[in-house]
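Listed below are the residues making up each chain.
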Amino acid sequence: MKTAIQIFILSLLVSVNAMTQEVTFKASWVSAEDIALKEHNIIHLRKTIELEKVPENFKVKISADNNYRLFINGNYVCKGPGRSDLEHWYYQTLNLAPHFKTGKNVLAVEVINFGPARGFSQLSHLTAFFMEGETDNEQIVNTGNNGWKAIKNPAYYPKVVQWLHRVDISLGLYVANPTDSIVGNDFLWGWQNPGYDDSQWKPAKYLDISSFRYNNISGMFYPDGWLLVERPIQNNTEKREEFPTFYNWNGLAKIESLKNLVIPAHQKLSILIDNEVMTLGYPEMILSGGKNSHVKVSYAETLFHPDRLGKDDRNKIEGNIFIGYSDIFMPEGGENRLYRPNWFRSFRYIKIDITTGNESLKIVGYYNQKSEYPIELKARFETDNEFLNSLMEPGWRTASLCTQDLFMSDAHYEQMQYIGDGRIHGEAIQYFSGNDDLTRQMILHADWSKIPEGLTRACYPDGFNLTIPIYSLVWIDIIYDHMMWAGDKEFTAQFDIGIYTVLEWFHKKIQDNGLTGPIDWWAYADWCIDWDRGIPPGGIEGNSALFSLHYAYTLKNAAKIYRFIGKGHMAGIYEQRAEEVIAAVNQLCRDENKQLYSDTPEMKYYSQQTNIFAVLAGAAEGEKARQILSKIFMEEGLSQIGLYFHHYLFEAFGKAGMETEFQNHLGGWKEMMDNNLTTFTEVALTGTRTQRSDCHPWSCSPNIHFFRNICGIQPEKAGFEKVQIAPNPGD
């Protein structure tokens, strides 16, 4: 039997090779010996090559799980591969030639696995690294060949953020990566430099075959392995930022500079840094001496009231307290030791708590390596209204800081790519910069996320299987938005089946009365204070006018998509279904006495959200639509929209011909500017919702509608082939 099994496996491998194309197996996944592959690890790998002359090109494919940083001859090259999933695991194609020299060259790689406590958006298989040269000349660097060495850096320990009991986080969920404790005495200082002695390092451990999606199997030795696809977006960059303002936390006396600041032996010092604006990156601290010192570096978006919840003027320091997650550095006494966190930190304020031992400690330097996706602010919006002008800079900062390897919902707490948030985020970035890279990627990610029932997940990559059906509709709305922006028929057409499965799921939810029935999974629609867990009336029980109207709205968008890709018969089906749903809502949920739409046929609950979508879906048009959009802000007892849903309000104003009303509904943003916010918040500063995130791109809708509603710039045909420009400056 054993012989038979061996023959079967051999024949299987031969069959797989025969059926696939371009399968090379020239490079393999490798790791370090003597580590638990799924646990928290930082490993280093090195490979030395000799070059008689520097080639014009030296292209390689490179990937790692979770992340890597590549150095050549001691110089930083790049990091990656970026968040995706195991069935679409990213590799990057790099040309290493500009980093080489004649003679000996050392490739050094750091691989970081955040372990079981990793962020929810970071999927993982094993701690591993992969590099493969594109041609025979470049395959001297292939992993799996003799010459790659690897070792675990024993200096790193994960520091789990204590959010549940409000220790490191004042309120709400934290599901980003753990922070770092780094023990200097155990650190492999200089591991990336050519002169480092790696003679005691073991050969890299062979893990598994490399497998490219569409042409191979994966996980021959470790099931559920990586299927490689090329990263569809550009590589992130880093730019050095200097910190502007320093205080002694005890007494708030200003400190001129931290450069070469010496803290004597047996002293304690707490330093507050005010960066003056929100930022995001990898703060790097260079220390000398200070053996057995303890350095705690904490990061916060803002300072808090002593009750640990309240926030007000973001410039205010005196009387407030500091709450934030932290890294720990423990120097071993060496000179010019660089300490850097393994994941980016977001902050306006940093607090450094230093306790020295028997030696003085010198801060040689401290600065931030700002992490950026390579986009530029190209749009300008200038009026004689200084308040409107003032929203451009914080809007750009909010959107661009949260544009990293994917569209992040926020900079500090979750850092996940939610589809609902991403619709606003992507459009804002496109209007700001003209770049749609991450919008395309987000659409792809959502398509990859689809569950067997046909819906997308609510956010992706996603380690906790969150499904919000209304976000599946929003995914289709994003495809429509992007179609109108880019006009890329080939790109749009690939989502034909995914759009169909989402709409069929909702079609099967339609009851005999024409409204949506009970919504499975999480029937979230908006963080409304009147709705438990954001679920509108009728969401769980059925007969929700809001779900029905959003479904009709998306059906109309889908019809335009199908007509664009040449499937007019499908467009006709969806247009008919949309009209049937709208007719049911008009019959069952329109209150003729109030001249408003009720959330359910019982005429018991009313909301701004449902009435906004009555306009967007076309249930109410013309003068009726304008009356509704005026009345929902005068009628008492309606559930109120938050900052997120303002995007749909502003869109409804445009559809109803009320573009100038947009300027009258920016009170939440006026409060932010009055309180010296440098980015846009998750919720309004006043009201019953407790504030959490200070950098939340779903609040960037004003920046979109500056151009849509005030400038009146709208595509009339896909790809802006035909453009309407009808300014609405108002009074």
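Residues numbered from 1 in each chain as written. Predicted model: local features only at pLDDT ≥ 70, side-chain atom pairs only at ≥ 80, totals over all residues. Heavy atoms only, no water.

### Some thoughts on the overall build of the chain
Then, number 1: Scanning the chain from terminus to terminus reveals 15 helices and 28 strands.
Then, number 2: Computed over C-alpha atoms, the radius of gyration of the chain comes to 28 Å, within 12% of the 27 Å expected from 2.2 N^0.38 for 731 residues, which places it in the range of a compact globule.
Then, number 3: Referenced to the eigenvectors of the C-alpha coordinate spread, the extents of the chain come out at roughly 85 × 75 × 50 Å.
Then, number 4: For the chain, the residues scored as buried account for 61% of the 731 residues in total.
Then, number 5: Relative to all contacts within the chain whose residues are 6 or more apart in sequence, the contacts with residues 24 or more apart total 75%.
Then, number 6: Split by element, the accessible area of the chain, about 28800 Å² in all, is 49% carbon and sulfur. (Helix = DSSP H or I, 4+ residues; strand = E, 2+ residues; numbered from the N terminus. Rg over C-alpha atoms; globule rule 2.2 N^0.38 Å. Buried < 20%, exposed > 50% of the residue type's maximum accessible area, 1.4 Å probe, protein only. Contact = heavy atoms within 4.5 Å. Areas by Shrake-Rupley, 256 points an atom, 1.4 Å probe, with all protein chains shown as cover.)

### Here we look at the nonpolar core
Then, number 1: One finds Y471, W475, I499, I612 and L629 to be the most contacted residues of the largest nonpolar core, which totals 124 residues.
Then, number 2: Once residues lying within four places of it in the same chain are set aside, the contact partners of L629 are I612, V615, L649, A652, F653, A656 and M658.
Then, number 3: Judged by nonpolar contacts, the second largest core, of 53 residues, contains A176, I273, M285 and W343. (Core = buried A, V, L, I, M, F, W, Y, C linked by side-chain atoms within 4.5 Å.)

### Examining the packing of aromatic side chains
To describe a pair of aromatic rings, one takes the distance between the centres and the angle between the planes.
Then, number 1: Taken as a whole and assessed by the stated rule, the structure comprises 48 aromatic pairs.
Then, number 2: Ring geometry for F662 and F706: centres 6.0 Å apart, planes at 70°, overall edge-to-face. In this pair, F662 sits in the loop between α13 (646-655) and α14 (667-674) while F706 sits in helix α15 (residues 701-710), placing the two residues 44 residues apart along the sequence.
Then, number 3: For F662, a relative accessible area of 0% gives the class buried. (Phe/Tyr/Trp six-rings, centres within 6.5 Å; stacked < 30°, edge-to-face > 60°.)

### Things to note about the side chain of D477
Then, number 1: Of note, D477 is situated in helix α6 (residues 469-486).
Then, number 2: Since its relative accessible area comes to 0%, D477 is described here as buried.
Then, number 3: Among the polar contacts listed, one links the side chain of D477 to the side chain of H550, at a separation of 3.0 Å.
Then, number 4: Polar contacts involving the side chain of D477 include one to the side chain of N557, which spans 3.1 Å. (Polar contact = N/O pair within 3.5 Å; in protein donor to acceptor, adjacent residues only side chain to side chain.)

### What about the pairing of strand β9 (residues 149-152)?
Then, number 1: As paired strands, strand β2 (residues 41-51) and β9 are joined by 4 bridges and run antiparallel to one another. For H44, the partnering residue across the bridge sits in β9 and is I151.
Then, number 2: In this structure, β9 lies alongside strand β12 (residues 202-203), joined through 2 bridges in antiparallel fashion. Residue pairing in the sheet places A150 in a bridge with K202 of β12. (Pairing = 2+ DSSP bridges.)

### What to know about the pattern of salt bridges
Then, number 1: Inspection of every chain in the model, using the stated rule, returns 40 salt bridges.
Then, number 2: Here K149 ties to D198 by a salt bridge, and the two come within 3.5 Å at their closest N and O atoms. One end of the pair, K149, is in strand β9; the other, D198, is in the loop between β11 (179-183) and β12, with 49 residues separating them in the sequence.
Then, number 3: Residue classification places D198 among the buried positions, given a relative accessible area of 14%.
Then, number 4: Through salt bridges that share partners, K79, E238, E284 and R340 make up one connected network. (Salt bridge = Lys/Arg side-chain N within 4 Å of Asp/Glu carboxyl O.)

### Re α6
Then, number 1: Over its 18 residues, α6 runs 26 Å from end to end, which matches the ideal 26 Å to within 8%, given 1.5 Å per residue.
Then, number 2: The element α6 is largely enclosed, with a buried count of 16 among its 18 residues.
Then, number 3: Note on α6: the residue one or two positions beyond its end, G487, has a positive phi of about 65°. (Expected span 1.5 Å × (residues − 1).)

### Brief notes about the sheet that holds strand β5 (residues 75-80)
The pairing of strands in a sheet comes from backbone hydrogen bonds and takes either a parallel or an antiparallel form.
Then, number 1: Within the open sheet, the 6 strands sit side by side as β5-β4-β7-β2-β9-β12. Their pairing is antiparallel. What marks the edges here is a single partner per strand, and that holds for β5 and β12.

### What about helix α11 (residues 608-617)?
Because an α-helix completes one turn every 3.6 residues, residues spaced three or four positions apart along the sequence face the same direction.
Then, number 1: Burial within α11 is extensive, with 10 of its 10 residues counted as buried.
Then, number 2: Among the residues making up α11, those that are buried are Q608, Q609, T610, N611, I612, F613, A614, V615, L616 and A617.
Then, number 3: Residues of α11 that are buried make contact with α9 (545-564), α10 (568-588), β26 (596-597), α12 (622-631) and α13.
Then, number 4: G618 occupies a position one or two residues after α11 and carries a positive phi of about 90°.

### Regarding the environment of K202
Then, number 1: By the secondary structure assignment, K202 is in strand β12.
Then, number 2: Residue K202 is classed as partly exposed on the basis of its relative accessible area of 43%.
Then, number 3: Sequence separation between K202 and F707 is 505 residues, and the spatial gap between their C-alpha atoms is 59 Å.
Then, number 4: Those residues in contact with K202 that sit more than four places away from it in its chain are E33, D34, K149 and A150.

### Quick look at unusual backbone geometry
Then, number 1: The omega torsion of the bond from G80 to P81 falls at 0°, within 30 degrees of zero and hence cis.
Then, number 2: Inspection of the secondary structure assignment puts P81 in the loop between β5 and β6 (89-95).
Then, number 3: Omega for the peptide link from Y460 to P461 comes to -5°, which places this bond in the cis form.
Then, number 4: Tracing the sequence through the fold places P461 in the loop between α5 (437-448) and α6.
Then, number 5: A positive phi angle, near 55°, is found at N73, a position not held by glycine.
Then, number 6: In this structure, N73 sits in the loop between β4 (67-72) and β5.

### Quick notes on the packing of α6 against helix α8 (residues 496-508)
Between two packed helices, what matters for the description is the angle formed by their axes and the separation of those axes.
Then, number 1: Taken N-terminus to C-terminus, the directions of α6 and α8 make an angle of 140°; their axes are 10 Å apart at the nearest point. In terms of orientation, α6 lies oblique with respect to α8. Here α6 and α8 pass one another in a crossing that is left-handed. Facing α6, whose interface residues are P469, I470, S472, L473, W475, I476 and I479, α8 presents G498, I499, V502, L503, W505 and F506.
Then, number 2: Looking at side-chain class alone, the contact of α6 with α8 contains 11 nonpolar, 2 polar and no charged residues. (Axes fitted to C-alpha atoms, helices over the stretch in contact; angles between N-to-C directions. Parallel < 35°, antiparallel > 145°, perpendicular 65-115°, else oblique. Left-handed = near helix turned anticlockwise from the far one by under 90°. Nonpolar A, V, L, I, M, F, W, Y, C, P; charged D, E, K, R; others polar.)

### Overview of the confidence of the model for the chain
Then, number 1: Mean pLDDT for the chain: 94, with 96% of residues reaching 70 or above.
Then, number 2: Note on residues 1-24: pLDDT is under 50 here. Beyond four places in sequence and across chains, it has 12 contacts. (pLDDT = per-residue confidence, 0-100.)

### Some words on the environment of E132
Then, number 1: Take E132: it is sitting in strand β8 (residues 128-133).
Then, number 2: In the structure, E132 is positioned 78 residues away from S210 in sequence and 9.4 Å away in space, judged by C-alpha atoms.
Then, number 3: Separated by 3.2 Å, the side chain of E132 and the backbone nitrogen of A27 make a polar contact.

### Structural notes on the packing of helix α4 (residues 419-433) against α5
Then, number 1: Running from N to C, α4 and α5 cross one another at 160°; their axes reach a closest spacing of 10 Å. Relative to α5, the element α4 is oriented roughly antiparallel. The handedness of the crossing between α4 and α5 comes out as left-handed. Taking contact as the criterion, the partners of I419, G422, R423, G426 and Q430 in α4 are, on α5, T439, M442 and A446.
Then, number 2: Partitioned by chemical class, the residues of the contact of α4 with α5 number 3 nonpolar, 4 polar and 1 charged.

### Observations regarding the side chain of H705
Then, number 1: If you trace the backbone, H705 turns up in helix α15.
Then, number 2: Overall, the relative accessible area of 0% leaves H705 in the buried class.
Then, number 3: Within the local environment of H705, its side chain forms a polar contact with the side chain of H647, the two groups lying 3.2 Å apart.
Then, number 4: Contacts of H705, omitting those with residues within four sequence positions, involve H647, F650, E651, F662 and I710.

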